[in-house]
Amino acid sequence: MGRFYVTTPIYYVNDVPHLGTAYTTIIADALRRYHLLAGDETFMLTGTDEHGQKIEEVAREQGLDPKTFCDRISTRFREAWPKLDVAYDRFIRTTDDDHEAFVKELWKKIEEKGDLYEADYEDWYCVGCESYKTEKELEQPGNLCPLHKRPVERVKERTYFFRLSKWEKPLLEFYERHPHFIQPETRRNEVLSFVRSGLRDLSCSRTSFTWGIPVPSNPKHVMYVWFDALANYRSALGHGDLTRFWPPSGRVVHLVGKDILRFHAVYWPAFLLAAGYREEELPDVVYAHGFLTIDGQKMSKSLRNAVDPLRLAQELGPDVLRYHLLRAVAFGQDGDFDHAALLERYNADLGKNIGNLLSRVLGLCTKMTDGKHPDDDPSTDGPVEAELGEAYRSCVAAARTAWEDLAPHVALEQTFKLSSAANAYVDRAAPWTEAKNGNTARVAKILSRLLRVLEALSVMIWPAMPKKSDEMRAQLGLSPVHPGLGVDVWPVEMPQVRAGLALAPSGPLFPTFDDKAQAKLLEKLVPPKEPAPSAAPAAPAPLAPEAAAAATSPMIGYDDFARIDLRVGLVKTCEKVPKKDKLLRLTVDVGEPEPRIIVAGLALTFAPEQLVGRKVVVVANLAPREFGKGLVSHGMLLATGPSEKLILATVDGDAAPGSRLK
Ligand code: MSP
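Treat the numbers as computed from the prediction; the structure is a model and nothing was measured.

Enquirer: How do you make sense of the sheet that holds strand β11 (residues 214–215) when you look at a structure like this?
Expert: By definition, the strands of a sheet pair up through backbone hydrogen bonds, in either a parallel or an antiparallel sense. In space, the 3 strands of this open sheet follow the order β10-β12-β11, with antiparallel pairing throughout. Every interior strand has two partners, whereas the edge strands, β10 (205–206) and β11, have only one. Of the pairings in the sheet, the one linking β11 to strand β12 (residues 218–223) comprises 2 bridges and is antiparallel in character. In the sheet register, Val215 faces β12, and the bridge partner there is Asn218.

Enquirer: In this structure, what is going on with the site of the ligand? I would like to understand it.
Expert: Around the ligand, the surrounding shell holds 24 residues, and the nearest of these are Ile10, Asp49, Gly257, Asp259 and Leu292. One nitrogen or oxygen atom from the side chain of Asp49 is found 2.7 Å from a nitrogen atom belonging to the ligand. Measuring from an oxygen atom of the ligand, one finds a backbone N or O atom of Gly257 at 2.8 Å. Calculation on the ligand without its partners gives an accessible area of 670 Å², and the protein chains cover 93% of this total. Here the shell around the ligand takes 3 residues from helix α7 (residues 225–230), the largest share from any one element. Of the residues in the shell around the ligand, the class split is 13 nonpolar, 8 polar and 3 charged.

Enquirer: Hey, could you run me through the packing of helix α11 (residues 318–328) against helix α14 (residues 408–429) in this one?
Expert: A pair of packed helices is captured by two measures, namely the crossing angle of their axes and the spacing between those axes. Contact geometry for α11 and α14: axes closest at 7 Å, N-to-C directions at 105 degrees. The orientation of α11 with respect to α14, classified from their angle, is roughly perpendicular. Residues Tyr323, Leu326 and Arg327 of α11 form the contact with α14, whose own contacting residues are Pro408, His409, Leu412, Glu413 and Phe416. Each residue belonging to the contact of α11 with α14 can be placed in one class, and the counts come to 5 nonpolar, 1 polar and 2 charged.

Enquirer: Hey, could you run me through the nonpolar core in this one?
Expert: In globular proteins that are soluble, nonpolar side chains generally tend to be buried together. Core analysis: the biggest nonpolar cluster contains 172 residues, and Tyr5, Phe162 and Tyr175 have the highest contact counts within it. Setting aside its immediate chain neighbours within four residues, Tyr175 contacts Phe181, Ile182, Arg188, Val191, Leu192, Val195, Ala265 and Val266.

Enquirer: I keep staring at the confidence of the model for the chain and nothing clicks. Help me out?
Expert: The predicted coordinates ought not to be read in detail in places where the model reports low pLDDT. Here the chain shows a mean pLDDT of 91. Residues at 70 or above account for 94%. Here residues 530–551 is modelled with pLDDT under 50, and outside its nearest four sequence neighbours on either side it reaches 35 contacts, counting other chains as well.

Enquirer: Hey, could you run me through the packing of aromatic side chains in this one?
Expert: Any aromatic ring pair is given by two values, namely how distant the centres are and how the planes are angled relative to each other. Scanning the model with the defined rule gives 30 aromatic pairs in all. A ring pair is formed by Tyr287 and Phe331, whose centres lie 4.7 Å apart and whose planes are at 10 degrees; its orientation type is stacked. Of the two residues, Tyr287 is situated in strand β14 (residues 285–289) and Phe331 in the loop between α11 and β17 (335–336); the sequence distance between them amounts to 44 residues. One exposure class covers both Tyr287 and Phe331, and it is buried. Three or more aromatic residues joined by ring pairs form one cluster here, namely Tyr5, Phe43, Tyr233, Phe245, Trp246 and Trp268. In this arrangement the basic side chain of Arg154 is found over the ring face of Trp124, its NZ or CZ atom lying 4.7 Å from the centre. Of note, Arg262 hangs over the ring of Phe194, and the distance from its end group to the ring centre comes to 3.7 Å.

About the cut-offs
- Residues numbered from 1 in each chain as written.
- Predicted model: local features only at pLDDT ≥ 70, side-chain atom pairs only at ≥ 80, totals over all residues.
- Heavy atoms only, no water.
- Pairing = 2+ DSSP bridges.
- Helix = DSSP H or I, 4+ residues; strand = E, 2+ residues; numbered from the N terminus.
- Near = heavy atom within 4 Å.
- Polar contact = N/O pair within 3.5 Å; in protein donor to acceptor, adjacent residues only side chain to side chain.
- Areas by Shrake-Rupley, 256 points an atom, 1.4 Å probe, with all protein chains shown as cover.
- Nonpolar A, V, L, I, M, F, W, Y, C, P; charged D, E, K, R; others polar.
- Axes fitted to C-alpha atoms, helices over the stretch in contact; angles between N-to-C directions.
- Parallel < 35°, antiparallel > 145°, perpendicular 65-115°, else oblique.
- Contact = heavy atoms within 4.5 Å.
- Core = buried A, V, L, I, M, F, W, Y, C linked by side-chain atoms within 4.5 Å.
- Buried < 20%, exposed > 50% of the residue type's maximum accessible area, 1.4 Å probe, protein only.
- pLDDT = per-residue confidence, 0-100.
- Phe/Tyr/Trp six-rings, centres within 6.5 Å; stacked < 30°, edge-to-face > 60°.
- Lys NZ or Arg CZ within 6 Å of the ring centre and 35° of its normal.

Structure, rendered in structure tokens:
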């Protein structure tokens, strides 16, 4: 029996669960379930990352103290995952007392060993990533974070540095000795070249805000949010019995998105080594997966294209969503999410393959074996049985290896390959012909063999589709999969003959959707198309009067509205854009260190000097739009009316630039 400890990243509470975060969480749960089947003792950890400047700012914008704000959003994560059939063992919050105590201890240990020291610091910082950026990494113009496409901040303060540079060589040696620590291989190479290019000491505390864990020896400082967050993986186990899940007595697999690999593969082991952990007490695997995209864009709050996994689970059942996420994207790669592809895969793999196999076999048994599992004598097997047996052995073994190797898409591909082989076997063995010829022993053999394969399939789909596995087993007259510690129930051998056991068919396991039903479902599921960020109008798109008077848009909830970052902007400068009749180039103060450049289609109505000094309404989180020749707009102004008679949305009174409109 092994011990398998799987973690998801802890999610920032500035967003609610979306399909991207559901993705990692579902995969972690599926891996946990596979290891349960293998008889391992398992522990799954997920939770929320609640400290830091970003969360403090969002809470303030919503007029809440950070803890109240975190309580609200954290609950949404905690309650979301069970609705997707995810059964975590602990949901950790970085505001939990035991976590905070652990992090302080970790800090003290590192400080005592001399790897934290105080000095002055100045660098660029992206609040979105909660990460320092080098000048080289920024996109120009505008010093933009390449991921968030928003200007970074210049941070200059007293800080505690973590002596990361000292760990460069030990880390490289560790990677060398543990080639599977960073996966997949391409990501490993990226990390290796990053570390080889030299590690700088890491600023590990902040003094310009207070929402964080205070540094024990100097509480004017709060710890860098990543120092606090990474420690969750170890703090969750405490000092007692659960430490058996930590290496060397347990195996730890951290699943992370590719954007946060560096923190996990470089900083995390360095913190642990610096605190005195031995090499064999470091995590076993950091696996970086790709991004789920919608129309090629990463799903996230700031891009406003997030798909709600709970809605999909409600409409289709959690298992269908789980299956699609596990199967459609090669784990490790990016993958585009597409509602239509989900329905197509549902019909093809679930409805027409495994679902059809079950209905067919149960239907035949109702007619030919009195609705019971028939008996079988293996010594009379023919070539078709031998062929099915070969497919069985190879698929079951390959699926097992794939689960072990963190390749759920391959595991499911092999599972469905077995189902296809069984469907082919029905056709070739043709029990209906044997029945016509009165060959009852052969009929019994064929149907018994198929029922045994179906039983194996019901176990093999359990990590991905636990509820459907239960339903399938009920139809086969079996109780749900019941893993036990130290008992390996992976169906390496074909399950036993269950002669005489009554079957209980109860309709299609995966009723297929015809074209009409599919179209109807898509209409319901696909959110109304928002303009793709790259094409979003950076200038106000003047509404035709008839459009303005048209019926109001579909209702949205407060959460949707809250995704739009509307801010008061003060126009600092304004000029015409050469050779563009309609465009003005403005610089607008939206409360950030530098004014933003915004390009707006206002020139047919306003002379540039009419706008300087006005307080306008800025859509601040619209993705930048290029106008050619290096001209990029970082936001949009609101206005109404035809191009040559625009009325600009402005703000009266003394609202400060950057104030949020809500
Ligand atoms: N709080 C940190 C993690 C700390 S772990 C010690 C964080 N949080 S996050 O909420 O911004 O992101 C959490 C994870 O979700 C990351 O692994 C990120 O890659 C992943 N994803 C966010 N959007 C995603 C997609 N669209 N697709 C796949 N994963 C995505 O970073």
